[in-house]
Amino acid sequence: MSDHDRDQLARKLDQALAERDQALRELSQLRQQIVAAGTSGDRHEQHEQPLTAEYPLLGTNNQRSDELFRVMVESVVDYAIFMLDANGRIVTWNKGAERIKGYQDAEILGKPYALFFSPEDVQAGKPQRLLAQARQFGRVEDLGWRVRKDGTRFWADAVITALIDAQGNLTGYAKVTRDLTEFEHLEREKIEALQQADILKDQFISILSHELRTPINSITGFGSILDDEVVGPLTEKQHEYLRKILSGADTLLGLVNDLLDLSRIQAGRFHLSPQPFDFALVAADALSSLQALAEPKHMHLLNEVPQGLPPLVGDAQRIRQVLLNLVNNAIKFTPDEGTIRVRACLDGAVLRCEVQDTGIGIATEDIPKLFKPFSQVDMSSTRPAGGTGLGLMISKSLVEAHGGQIGVESQPGAGSTFWFTLPLQHGVPLPTAPL
Ligand code: ADP
């Protein structure tokens, strides 16, 4: 279930609980009104005549209001409302309880309320635990499976309230249960529809990305042949335009690859090919391929990763992708002539890598958004730096798939330091080198 579906279900359950509480409040107000009516009846006997006539067996006004309350509770069909004695045995039963749980009052009165729990819950002591909590805190609320007379289970929301007499002795419990099965079904259908839409979206992205890659490869392949003048000489202007075409195709390929990665991550189909690798070599390779981006901005791209780090085990291509993303961002978000340092050290059981820049920095309130899909601090269409807002989210997934962590420390105007860790394998010696 996705976070969104879970949130939605949680919201619906909250709503159902609020409705249930509201119904209980109304029931309680009604009871007070009946009790009040009973008391005032002492003074205005006239008003009580019809009630006494309707319920001839009733005696005092208190008895009468209690009886009214009982009749009212008994006729509620949406909720199972019943009382337990101090030992958890059923002493009253209403229409709702009969409808929801399937027992007639004659067959259930006097039986322990644990009958409504699954054998696993009974074995785990849940019925007694709920009563003990109600005793301790006055009331307890529980959302869980219950069992009907015919053995079928239903999803229920129950409140147990301890009943205490004037001397402070426990006299029993009031229990109100609501069957949420129908609501559960509706929610499940909705969630299944959402999941289906999600699967279709993933398939769409995946097919589209594959289909886009072939024409992009044609553009870059044939463009490079032309640029290398394999089929004939080009003018300077033609070279310039061709490089713009190639750069556009590269950006497009990056976007398509990011979308493919996103769909694989979201579908849980992300595979790593772990092998031992030398982190310093991977870092050197990633930095040299970004040198061409840093040069036009006269930036200092400093590789401070020490040699001789113990080998890591992981997917070197994917770790290179993380470094490319972090350094690429550092170049994008640092003004001309800035400095970018890439460092690494051993920190206990992990290797820690830092990419530090002297760029625009990030406000503290924006930091939590960064590692989520499609999030960019400057979301305006006029933002100077391009990009999809997927890079950091993909980097986070890649680092976490290796058992590491990723984060950032930043100060607006002063620069940012993005860091990530990768766990070292057991048995590898861990000399500690300061950054
Ligand atoms: P993209 O770079 O494609 O927009 P990312 O997920 O890599 O997507 O980055 C998300 C956002 O995080 C960027 O758009 C930018 O707002 C912010 N960001 C990332 N790295 C830096 C950095 N080094 N300095 C300042 N802001 C950054």
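Residues numbered from 1 in each chain as written. Predicted model: local features only at pLDDT ≥ 70, side-chain atom pairs only at ≥ 80, totals over all residues. Heavy atoms only, no water.

Each helix and strand counted, the protein has twelve helices and eleven strands in total. Counting all 435 residues of the protein, 39% fall into the buried class. Accessible area of the protein: about 24,400 Å², with a carbon and sulfur share of 56%. (Helix = DSSP H or I, 4+ residues; strand = E, 2+ residues; numbered from the N terminus. Buried < 20%, exposed > 50% of the residue type's maximum accessible area, 1.4 Å probe, protein only. Areas by Shrake-Rupley, 256 points an atom, 1.4 Å probe, with all protein chains shown as cover.)

A word on the site of the ligand. Lining the immediate surroundings of the ligand are 20 residues, of which N329, K332, D357, Q376 and L392 lie closest. Measuring from an oxygen atom of the ligand, one finds a side-chain N or O atom of K332 at 2.8 Å. At 2.7 Å from an oxygen atom of the ligand is found a main-chain nitrogen or oxygen belonging to L392. Protein coverage of the free-state accessible area of the ligand, which is 530 Å², stands at 96%. When contributions to the shell around the ligand are tallied by element, the ones reaching two or more residues are helix 11 (316-332), helix 12 (391-401) and strand 11 (415-423). When residues of the shell around the ligand are assigned to their parent elements, the largest contribution, four residues, is made by helix 11. (Near = heavy atom within 4 Å. Polar contact = N/O pair within 3.5 Å; in protein donor to acceptor, adjacent residues only side chain to side chain.)

Taken across its eleven residues, helix 12 has eight buried, putting it largely inside the fold. Looking at helix 12, one finds that the buried residues are G391, L392, M393, I394, S395, S397, L398 and V399. On its buried face, helix 12 is in contact with helix 9 (236-266), helix 11, strand 10 (406-411) and strand 11. Of the residues trailing helix 12, G403 is marked for its positive phi of about 85 degrees. (Contact = heavy atoms within 4.5 Å.)

Now for unusual backbone geometry. In this structure, E229 is a non-glycine residue whose phi angle is positive, near 60 degrees. For E229, the position within the fold is in the loop between helix 8 (181-227) and helix 9. On the accessibility criterion, E229 (33% relative accessible area) is partly exposed. Positioned with a positive phi, E337 is a non-glycine residue whose angle comes to about 70 degrees. Examined against the element boundaries, E337 turns out to sit in the loop between helix 11 and strand 8 (339-347).

Per-chain confidence: the protein averages 84 in pLDDT, with 81% of residues scoring 70 or above. Across residues 39-59, confidence stays below pLDDT 50; counting only partners more than four residues off in sequence or on other chains, it has 14 contacts. Across residues 427-435, where pLDDT falls below 50, the model places 15 contacts with residues more than four positions away in sequence or in other chains. (pLDDT = per-residue confidence, 0-100.)

What the rule picks out here adds up to eight aromatic pairs. On the numbers, 5.2 Å between centres and 85 degrees between planes, the contact of Y113 with F117 is edge-to-face. Summarising the burial analysis for this pair, Y113 and F117 share the class buried. The rings of F82, W93, Y103 and F116 are connected pair by pair, giving a single aromatic cluster. (Phe/Tyr/Trp six-rings, centres within 6.5 Å; stacked < 30°, edge-to-face > 60°.)

Further remarks concern the state of the cysteines. For the coordinates displayed, the defined rule picks out zero disulfides. With no disulfide of its own, C345 lies closest to C353 among cysteine sulfurs, the gap being 9.2 Å. Looking at C353, the relative accessible area reads 1%, which means it is buried. (Disulfide = S-S within 2.5 Å.)

This next bit is on the sheet that holds strand 1 (residues 79-85). Pairing is antiparallel in the open sheet, where four strands are placed in the order 1-4-3-2. The open sheet has two edge strands with one neighbour each: strand 1 and strand 2 (139-147). Strand-to-strand twist of the sheet, defined as the mean angle between neighbouring strand axes without regard to direction, takes the value 25 degrees. Here strand 2 runs beside strand 3 (residues 153-164); their pairing, made up of nine bridges, is antiparallel. Looking at the pairing, L143 lines up with D157 of strand 3. (Pairing = 2+ DSSP bridges. Axes fitted to C-alpha atoms, helices over the stretch in contact; angles between N-to-C directions.)

With respect to the helices, strands and loops of the structure, S395 is situated in helix 12. When the C-alpha positions of S395 and Q405 are compared, they lie 9.9 Å apart, and in sequence the two are ten residues distant.

Before going further, it helps to spend a moment on the side chain of T181. Within the secondary structure, T181 is located in helix 8. At a separation of 3.5 Å, a polar atom in the side chain of T181 contacts the main-chain amide nitrogen of W155. At 2.4 Å, the side chain of T181 forms a polar contact with the side chain of D179. Setting aside residues up to four positions removed in sequence, T181 forms contacts with R148, F154 and W155.

A few words on helix 8. Along its 47 residues, helix 8 runs 67 Å from first to last C-alpha, staying within 8% of the 69 Å computed at 1.5 Å per residue. Two residues or fewer after helix 8 comes E229, characterised by a positive phi angle close to 60 degrees. (Expected span 1.5 Å × (residues − 1).)

Counting 47 residues, the largest nonpolar core has F279, L323, V327, L351 and F420 as its most contacted members. Where this core is concerned, the elements lending two or more residues are helix 9, helix 10 (279-294), helix 11, strand 8, strand 9 (350-357), helix 12, strand 10 and strand 11. Among the elements that make up this core, the one with the highest residue count is helix 10 (eight residues). When residues no more than four places from it in sequence are discounted, the contact partners of F279 are V305, L309, L312, I319, L323, A344, L351, C353, F420 and L422. Ranked by size, the runner-up nonpolar core spans 21 residues in total, among them I90, Y113, A156 and A162. (Core = buried A, V, L, I, M, F, W, Y, C linked by side-chain atoms within 4.5 Å.)

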